[in-house]
Amino acid sequence: MGNEPQEPRVPFSKRSLGQNFLTDRNYIEKIVSAVDPRAGDHILEIGPGRGALTEGLVASGAKVTAIELDDHLADALEERFLHDSNFEMLRGDILETDLQQISRAENGKLKLAANLPYNISTPILRKLFKQRHLLSEVTVMLQKEVAERLAAAPGDSKRGFLTVLIARGFGIRRLFEVPPNAFRPVPRVDSAVVRLVPILSDPDFPDGKFEMLVSAAFRQKRKTLKNNLDVSDGWVGEQVSLFGGAAELLGGSGIEALARAEALETAEWTRLLTNLIDRHK
Ligand code: SAM
């Protein structure tokens with residue numbers, strides 16, 4: 001009896017919630033060091049799970065707000081950090097949570113830390129783009145392919161909608177990779193930690209219109225930008241028609257007629273968007 005492994009507090013993991021828990025001490029410490037928590041910081045941790053990262057974050061003296069969708073995990077964390085007055089547990093879905101309310105509580109910007117649930121990393125990153133003015137820095141672990149896509153340079157075929165969005169909103173740095181055996185259960189994919197630092201030079205930038213443009217431009221990745229824009233609908237389609245077609249819009253924006261969306265640099269996207277909006281006036 002005495003040699004039998006102790007049953008863990010939470011006996012199974014839910015794949016539907018992307019639950020692959022970090023168990024390797026070295027990687028846990030490496031990620032916490034990358035977050036660099038300090039007293040005076042307000043850290044938001046998405047999906048604390050069994051608290052692998054939370055422990056080091058709380059121990060730093062930083063204020064830590066953790067949001068977890070799984071009530072069983074939230075119960076266990078609340079009990080574990082009961083006596084840490086700098087820890088706050090929120091129960092709920094990060095996608096339905098307004099970061100403004102969390103940052104307002106401490107009256108400062110949030111440092112975001114997470115081993116993200118990979119199944120919803122794209123909507124989470126879109127949310128962070130929209131609310132980037134509330135963030136000072138983001139350190140997140142993602143599926144390695146997603147990290148590669150985010151960091152892909154103009155001209156790289158890995159570049160997509162999310163790359164362009166994140167490049168417009170953040171400076172990005174890939175920090176290090178994490179192998180599958182650092183997690184339990186062991187995932188089928190490699191992971192990588194990235195740091196995003198918001199670029200906040202133009203607070204009035206029209207995020208929504210930018211997302212519509214980039215989404216239309218990447219609609220069919222193999223097609224040229226011109227072909228995608230010519231068949232786009234909604235606001236983008238209307239604006240392109242006002243221009244007399246995508247060829248005119250691209251020409252007027254100094255972009256090559258046969259370019260693919262993946263080839264464009266951030267400055268070219270901004271020019272394209274400015275022309276599209278100006279046509280409306
Ligand atoms: N941070 C822990 C670790 O590194 O071991 C757990 C990371 S695990 C990859 C992702 C965590 O996010 C799980 O605890 C899961 O329950 C939680 N989660 C999944 N979807 C969520 C959502 N929409 N909002 C908040 N938490 C979520």
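In every chain, residue numbers begin from 1 and rise along the written sequence. It should be noted that, the model being predicted, local features are given only for residues of pLDDT at least 70 and side-chain atom pairs only at 80 or more, the latter also being counted only at that level, while totals for whole chains, interfaces and linings use all residues. Side-chain measures were taken over the full set of non-hydrogen atoms in the model, leaving aside hydrogen atoms and water.

## Brief notes about the sheet that holds strand β3 (residues 63-68)
Item 1. Sheet architecture is open: seven strands sit in the order β4-β3-β2-β5-β6-β9-β7, paired in mixed fashion. Edge positions in the sheet fall to β4 (87-91) and β7 (170-178), since each of these pairs with one other strand and no more. Neighbouring strand axes in the sheet, compared pairwise and without regard to direction, differ in orientation by 20° on average.
Item 2. The pairing criterion for strands is at least two bridges between them, as found by DSSP. Every helix listed is a DSSP run of H or I at least four residues long, and every strand listed is a run of E at least two residues long, numbered separately from the N terminus. For strand β6 (residues 135-143) and strand β9 (residues 191-198), the ladder comprises six bridges, and the chain directions are antiparallel. When the bridges of β9 are listed, valine 138 appears paired with leucine 196.
Item 3. Here, two residues are considered to be in contact whenever any of their heavy atoms come within 4.5 Å of each other. Between N-to-C directions, angles span 0 to 180 degrees; the directions come from axes that are lines fitted to C-alpha atoms, helices contributing only their stretch in contact. Contacts between helix α4 (residues 99-106) and the sheet are confined to β2 (42-46), β3, β4, β5 (110-115) and β6, with β2 contributing the most and set at about 150° to the helix.
Item 4. Packing against the sheet, helix α5 (residues 121-130) makes contact with β2, β5, β6, β7 and β9, and its axis sits at approximately 170° to β6.

## A word on the domain arrangement of the protein chain
Item 1. You can read the domains of the protein chain as domain 1 (15-198) and domain 2 (207-279).
Item 2. Taken together, the contact pairs 16 residues of domain 1 with 14 residues of domain 2.
Item 3. Taking both sides of the interface into account, the surface hidden between domain 1 and domain 2 amounts to around 1300 Å²; carbon and sulfur atoms contribute 58%.
Item 4. The term salt bridge refers to a side-chain nitrogen of Lys or Arg lying within 4 Å of a carboxyl oxygen of Asp or Glu. Between domain 1 and domain 2 we count three salt bridges in total.
Item 5. Between glutamate 211 and lysine 130 there is a salt bridge, and its shortest N-O distance comes to 3.6 Å.
Item 6. Definition of a polar contact: a pair of N or O atoms within 3.5 Å, with one able to donate and the other able to accept a hydrogen when the atoms are protein atoms, and with sequence-neighbouring residues admitted only if both atoms are side-chain atoms. There are seven residue pairs in polar contact (both at pLDDT 80 or more) connecting domain 1 and domain 2.
Item 7. Secondary structure elements with two or more residues in the side of domain 1 that touches domain 2: α5 and α7 (161-169).
Item 8. The biggest single contributor to the side of domain 1 that touches domain 2 is α7, with five residues.
Item 9. Throughout this entry, Asp, Glu, Lys and Arg are counted as charged residues, while Ala, Val, Leu, Ile, Met, Phe, Trp, Tyr, Cys and Pro are counted as nonpolar. The remaining residues, Gly among them, count as polar. The residue makeup of the side of domain 1 that touches domain 2, split by class, is six nonpolar, three polar and seven charged. What fixes the domain bounds is an automatic or database domain assignment. Summed over both partners, the accessible area lost on bringing two parts together, with a 1.4 Å probe, is the buried area.

## Some words on the pattern of salt bridges
Item 1. By the definition in use, this model includes 19 salt bridges.
Item 2. A salt bridge links lysine 14 to aspartate 70, with the shortest nitrogen-to-oxygen separation between them at 3.0 Å. Remark: aspartate 70 occurs in the loop between β3 and α3 (71-80) and lysine 14 occurs in the segment before β1 (21-22); sequence separation between them is 56 residues.
Item 3. To sort residues, take the accessible area from a 1.4 Å probe on protein chains only and compare it with the maximum for the residue type: under 20% means buried, over 50% means exposed, and anything in between is partly exposed. For aspartate 70, a relative accessible area of 3% gives the class buried.
Item 4. For lysine 111, the salt bridge is made with aspartate 41, and the minimal N-O distance between the two is 2.8 Å. Separated by 70 residues along the polypeptide, lysine 111 in strand β5 and aspartate 41 in the loop between α1 (25-35) and β2 bring together distant segments of the chain. When sorted by exposure, lysine 111 lands in the same class as aspartate 41, which is buried.
Item 5. One connected set of salt bridges, linked through shared partners, spans Asp71, Asp75, Glu78 and Arg91.

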